[in-house]
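What follows is the residue order along each chain.
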Amino acid sequence: MTATCLRVAGQTTSFWRMRQISTLILLFTLAMIAGAAAEPTKFLTSTPLSTRGSQIVDAKGTSVRIVSVGMWPDNGADHKMELIAEAGFNTVRLDWSNRSIDKLSELDRIIAGAGRAHLKVILDDHSNEAGAPGPWKPCYAQQVNGLWYDSGGASDDTDGCHNRGTVTDAKFIQDWQTVARHFLSNDTVIGYDLWNEPSGYPGMSTWEAGDRNPTHNIRWMCERAGNAVLAIDPNKLIVCEGPMNGQRSLADPKTPAPWGDLSLVKKYPVQLSVPNKLVYSVHDYPTEIAGYKPDSGPEKVAQMNKVWGYLVRDHIAPVWIGEMGANMTTEDHRRWAKTLIAYANGELGAAGGPTFDDGEQGIGIDWWFAGFAAYSNPTGIFDDTGHLNPVQRATYTRFLGR
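Numbering of residues begins from 1 in every chain and follows the order in which that chain's sequence is written. Note on the predicted model: pLDDT of at least 70 is required for a residue's local features to be given, and 80 or more for side-chain atom pairs to be given and counted; whole-chain, interface and lining totals, by contrast, use all residues. Hydrogen atoms and water are omitted, and side-chain values are computed over all heavy atoms in the structure.

A.B. asks: Can you help me understand the sheet that holds strand β2 (residues 55-57) in this one?
C.D. replies: Adjacent strands of a sheet form backbone hydrogen bonds with each other and so pair up, either parallel or antiparallel. DSSP-based pairing: two strands are paired if at least 2 bridges between them are found. Here a helix means four or more residues in a row that DSSP labels H or I, a strand means two or more in a row labelled E, and each is numbered from the N terminus. With respect to topology, 3 strands assemble into an open sheet ordered β1-β2-β3, the strand pairing being antiparallel. Every other strand in the sheet has two partners, leaving β1 (50-52) and β3 (63-64) as the edge strands with one partner each. Of the pairings in the sheet, the one linking β1 to β2 comprises 3 bridges and is antiparallel in character. Bridged to threonine 51 within β2 is isoleucine 56.

A.B. asks: What exactly am I supposed to notice about the state of the cysteines here?
C.D. replies: A covalent bond bridging the sulfur atoms of two cysteines is what the word disulfide describes. Any two cysteine sulfur atoms lying within 2.5 Å of each other are counted as a disulfide. Counted under the stated rule, the structure contains 2 disulfides. Across a sulfur-sulfur distance of 2.3 Å, cysteine 139 and cysteine 161 are joined as a disulfide pair. Torsion about the S-S bond of the cysteine 139 and cysteine 161 cystine: about 90 degrees, corresponding to right-handed handedness. Of this pair, cysteine 139 sits in the loop between β6 (120-127) and α4 (169-182) while cysteine 161 sits in the loop between β6 and α4, placing them 22 residues apart in sequence.

A.B. asks: Is there a simple way to explain the side chain of glutamine 392 in this structure?
C.D. replies: Relative to the helices and strands, glutamine 392 is located in helix α9 (residues 390-396). Residue contacts follow a heavy-atom distance rule, with two residues in contact if any of their heavy atoms lie within 4.5 Å. In this view, glutamine 392 contacts Ala326, Asn327, Met328, Trp367, Thr379, Gly380 and Ile381; residues no more than four positions away in its chain are not counted.

A.B. asks: Explain the sheet that holds β6 here, please?
C.D. replies: Strand order in the closed barrel formed by 8 strands is β4-β5-β6-β7-β8-β9-β10-β11, and the pairing between neighbours is parallel. Across the sheet, the mean angle separating the axes of adjacent strands is 30 degrees when strand polarity is ignored. Pairing of strand β4 (residues 67-71) with strand β5 (residues 91-97), which is carried by 4 bridges, proceeds in the parallel orientation. The residue bridging glycine 70 from the neighbouring strand is arginine 93, located in β5. Fitted lines through C-alpha atoms give the axes, limited to the stretch in contact for helices. The angle between two N-to-C directions lies from 0 to 180 degrees. In this fold helix α3 (residues 105-116) packs onto β4, β5, β6 and β7 (189-193), with an angle of close to 175 degrees to the strand it touches most, β5.

A.B. asks: Please explain the environment of proline 258 as it appears in this structure.
C.D. replies: Counting through the fold element by element, proline 258 comes out in the loop between β8 (237-241) and β9 (278-284). Residue exposure (1.4 Å probe, protein chains only): buried if accessible area is under 20% of the type maximum, exposed if over 50%, otherwise partly exposed. Of the residues examined, proline 258 reaches a relative accessible area of 17% and is grouped as buried. Here the alpha-carbon distance between proline 258 and glutamine 303, two residues 45 residues apart in the chain, equals 9.9 Å. When neighbours within four sequence positions are excluded, proline 258 is seen to be in contact with Met244, Asn245, Gly246 and Tyr292.

A.B. asks: Whenever I open this one, the pairing of β6 confuses me. Can you help?
C.D. replies: A regular strand carries its side chains on alternate faces of the sheet. Taking burial as the measure, the 8 residues of β6 include 8 buried ones, the bulk of the element. Taken together, the 7 bridges between β5 and β6 define a ladder with parallel strand orientation. Note that in β6 the partner of serine 97 across the bridge is serine 127. Taken together, β5, α3 and β6 form a β-α-β motif whose crossover is right-handed. Assignment of crossover handedness uses the view with strands pointing away from the viewer, where a clockwise path from the first strand over the helix to the second indicates a right-handed crossover. Crossover β6 to β7 through α4 is right-handed.

Below, the structure is given as structure tokens:
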């Protein structure tokens with residue numbers, strides 16, 4: 001009797017011990033699953049990248065999503081590449097200017113740091129004269145003359161901010177050729193954003209067929225500059241932004257295009273010499289930053305559908321939201337983000353937005369910016385202690401996957 005009781009007791013003890021072990025295994029598994037869900041978006045390890053319909057694909061043909069953070073060379077964030085990767089980004093959009101074309105070696109250190117953190121880089125020509133002597137001017141953020149050059153042609157020989165123009169259309173193309181040669185063998189650099197935020201107001205950039213109106217035609221510039229780059233390096237993505245116009249779009253005077261006008265792309269596409277290397281791009285910020293309403297809700301969705309979203313929805317070409325961001329401290333910020341997240345992740349098909357099948361990725365984004373500046377709006381992904389800002393992080397991580 002006693003022996004029997006001891007045997008049963010031993011079995012009971014073993015049962016509870018096994019149950020405890022099973023519970024620990026289950027909890028560990030759940031923790032791993034939760035951890036996997038929070039891991040950074042897949043690093044872009046299989047390059048070069050190309051396009052297929054509305055998707056960007058890696059060298060194996062797998063759809064990937066470019067989720068990047070913006071950076072300029074001297075913003076002090078280049079030593080935080082590991083934190084940037086930890087935040088969930090897989091790419092850095094790194095600014096340069098034509099005035100600094102002889103200083104490309106200064107970008108090498110930043111790009112090398114990105115590579116060590118398994119991040120890729122898209123280089124963006126952000127302005128002609130950034131770094132010109134004198135105080136900060138708005139042309140450093142968006143060239144006020146609305147064009148991609150500031151000397152000769154349709155320019156008044158300034159960038160619109162009274163900086164003397166030094167970059168002709170021909171030099172602009174030559175500078176991109178210089179960049180392409182410099183980074184020809186660099187696998188960390190995956191693409192080139194040809195020109196930041198052209199403007200589409202009267203006298204500025206247009207989107208026209210062929211070589212029509214060449215001193216204004218940003219589509220023709222993208223074609224010429226893109227082909228000049230691809231003749232040197234056929235492996236890089238070419239990013240072309242539509243001209244911004246908060247009053248009207250070219251295809252529909254009643255529909256504005258403050259994010260970038262791609263409404264005529266289906267009719268007049270950029271035609272590159274190397275197929276499947278073209279990505280179109282728009283920028284998007286809430287009203288507080290961009291000054292445009294509406295910045296959320298059904299009316300904005302309808303506008304995006306007409307101006308650029310149709311390219312993704314109809315599988316014509318990928319579109320990358322090449323700049324966006326907010327401090328996420330107001331209700332307006334939250335409404336703006338909610339609309340854009342749902343749109344980029346394919347949740348607004350019923351409203352005419354894009355949707356994505358299994359194996360496809362949502363629309364990629366670039367969050368502004370990798371740093372901290374109290375005077376800036378937004379202030380950046382870090383706080384004043386150098387740590388990742390948790391409020392912003394809770395928003396941009398929602399773009400990491402569908």
